[in-house]
Amino acid sequence: MAKIAPSILSADFARLAEDIEKVERGGAEYLHIDVMDGQFVPNITMGPPIIKSIRACTKMFLDVHLMIDKPERYIKEFAEAGADLITFHVEATPHAHRVLQAIHAQGIKAGVVLNPGTSLDTIEYLLPDVDLVLLMSVNPGFGGQSFIPQVKTKIQVLRDLVTRMGLQVEIQVDGGVNRENILELVRAGADVFVMGSAIFNSEDPEQTTKDVRKMLALQG
Ligand code: DX5
Ligand code: ZN
């Protein structure tokens, strides 16, 4: 069944532990953590010390999305801070396969991320060594943007490719996902849904998570 990955980018950073508890109680499977360096993307967020603190207060699966230049420099730090999955942008390094190896060497899951304009061709030969592909459906940097519609086709094409290659790769979508569009994205072939503003800017993040969980369960 499809999974929900609430993005804490839209949480209240001064009440982070409480916000995390809400989505954990709501039944979310992954906790999505957006790391931005002010270089690869025009925003700065958080680094390993905050992830270490989060690790100490939840058992949730920590899904760390690196939006940083040359991610190879920081794999060990993020793994040691407590990441269960590290995803990095193929646009941010000339050695994507080496970064995948470095992440797996830490004993955790590894994923690649594509910006909306980046072709699936760039990852075809990485797929056998990838646990998850994250397709950005907004330009990375900020929460609360609108879903870029052509990413739906990209999900379908990637799903076909993964099936044809006989692989077990999860497909994650990040950016502009909400209650209105999530089911068509499930049907397109995505498995893991990042939701930032749709959950944390709602009146009751716990209930919203439960509602979305129910929608996904009914979908099967
Ligand atoms: C954007 C981040 C997202 C962001 C999504 O660069 O990677 O994870 O939090 O936020 P929403 O769900 O509000 O589009
Ligand atoms: Zn993200």
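Let us look at the structure shown here. (Residues numbered from 1 in each chain as written. Chains lettered and ligands numbered in written order. Predicted model: local features only at pLDDT ≥ 70, side-chain atom pairs only at ≥ 80, totals over all residues. Heavy atoms only, no water.)

### Comments concerning the overall build of the chain
Argument step 1. For the chain, the helix and strand inventory stands at 8 helices and 8 strands.
Argument step 2. For the chain, the C-alpha radius of gyration of 16 Å lies close to 17 Å, the compact-globule estimate for 220 residues.
Argument step 3. By the burial criterion, 53% of the 220 residues in the chain qualify as buried.
Argument step 4. Across the chain, contacts joining residues at least 24 apart in sequence account for 65% of those joining residues at least 6 apart.
Argument step 5. For the chain, the accessible surface area stands at approximately 9900 Å², while carbon and sulfur atoms represent 49% of it. (Helix = DSSP H or I, 4+ residues; strand = E, 2+ residues; numbered from the N terminus. Rg over C-alpha atoms; globule rule 2.2 N^0.38 Å. Buried < 20%, exposed > 50% of the residue type's maximum accessible area, 1.4 Å probe, protein only. Contact = heavy atoms within 4.5 Å. Areas by Shrake-Rupley, 256 points an atom, 1.4 Å probe, with all protein chains shown as cover.)

### A short note on the site of ligand 1
Argument step 1. Surrounding ligand 1, one finds 20 residues, the nearest of these being Ser-7, Asp-34, Gly-141, Asp-174 and Ser-197.
Argument step 2. Note that an oxygen atom of ligand 1 is positioned 2.8 Å from one of the side-chain N or O atoms of Ser-7.
Argument step 3. Contacts to ligand 1 include Gly-141, whose backbone N or O atom sits 2.7 Å from an oxygen atom.
Argument step 4. Taken by itself ligand 1 offers 390 Å² of open surface, and the protein chains cover 100% of this.
Argument step 5. Among the elements of the structure, strand E2 (30-36), strand E3 (61-67) and strand E8 (192-195) are those that each provide at least two residues to the shell around ligand 1.
Argument step 6. When grouped by side-chain class, the residues that make up the shell around ligand 1 number 8 nonpolar, 10 polar and 2 charged. (Near = heavy atom within 4 Å. Polar contact = N/O pair within 3.5 Å; in protein donor to acceptor, adjacent residues only side chain to side chain. Nonpolar A, V, L, I, M, F, W, Y, C, P; charged D, E, K, R; others polar.)

### Some points on the sheet that holds E3
Argument step 1. If you trace the 8 strands from one edge of the open sheet to the other, you get E1-E8-E7-E6-E5-E4-E3-E2, paired in parallel fashion. For this open sheet the edge positions go to strand E1 (3-6) and E2, each flanked by a neighbour on one side alone. With strand direction ignored, the average angle separating the axes of adjacent strands in the sheet is 25°.
Argument step 2. As paired strands, E3 and strand E4 (residues 85-89) are joined by 4 bridges and run parallel to one another. The partner of His-65 across the bridge, within E4, is Thr-87.
Argument step 3. Helix-sheet contacts for helix H8 (residues 205-219) involve E1 and E8, and the interaxial angle to E1 is about 155°. (Pairing = 2+ DSSP bridges. Axes fitted to C-alpha atoms, helices over the stretch in contact; angles between N-to-C directions.)

### Section: H8
Argument step 1. When the terminal C-alpha atoms of H8 are compared, their 21 Å separation across 15 residues agrees well with the 21 Å that a helix rising 1.5 Å per residue should span.
Argument step 2. Within the span of H8, buried status applies to Pro-205, Glu-206, Thr-208, Thr-209, Val-212, Arg-213, Met-215 and Leu-216.
Argument step 3. Summarising the contacts, the buried residues of H8 are in contact with E1, helix H1 (16-25), helix H6 (182-188), E8 and helix H7 (197-200).
Argument step 4. One or two residues past the end of H8 sits Gly-220, with phi positive at roughly 85°. (Expected span 1.5 Å × (residues − 1).)

### Notes on the side chain of Thr-93
Argument step 1. Looking at the secondary structure, you find Thr-93 in the loop between E4 and helix H4 (96-105).
Argument step 2. On the accessibility criterion, Thr-93 (9% relative accessible area) is buried.
Argument step 3. One polar contact links Thr-93 to Glu-72, side chain to side chain, over a distance of 3.1 Å.
Argument step 4. A distance of 3.0 Å separates a polar side-chain atom of Thr-93 from the backbone nitrogen of His-95.
Argument step 5. With residues near it in sequence (within four places) discarded, Thr-93 still touches Pro-71, Glu-72, Phe-88 and Val-99.

### A few points about the coordination of the zinc ion (ligand 2)
Argument step 1. For the zinc ion (ligand 2), the protein coordination sphere consists of His-32 (NE2), Asp-34 (OD), His-65 (ND1) and Asp-174 (OD), at 2.0 to 2.3 Å.
Argument step 2. If you look at the zinc ion (ligand 2), its 6 donor atoms make angles of 70 to 168° with each other, and the shape they trace is octahedral.
Argument step 3. Among the residues examined, Asp-174 registers a relative accessible area of 8% and is labelled buried. (Donors = N, O, S within 2.8 Å, 3.2 Å for Na, K, Ca; no water. Tetrahedral: all angles 85-135°; square planar, octahedral: opposite > 155°, others 65-115°.)

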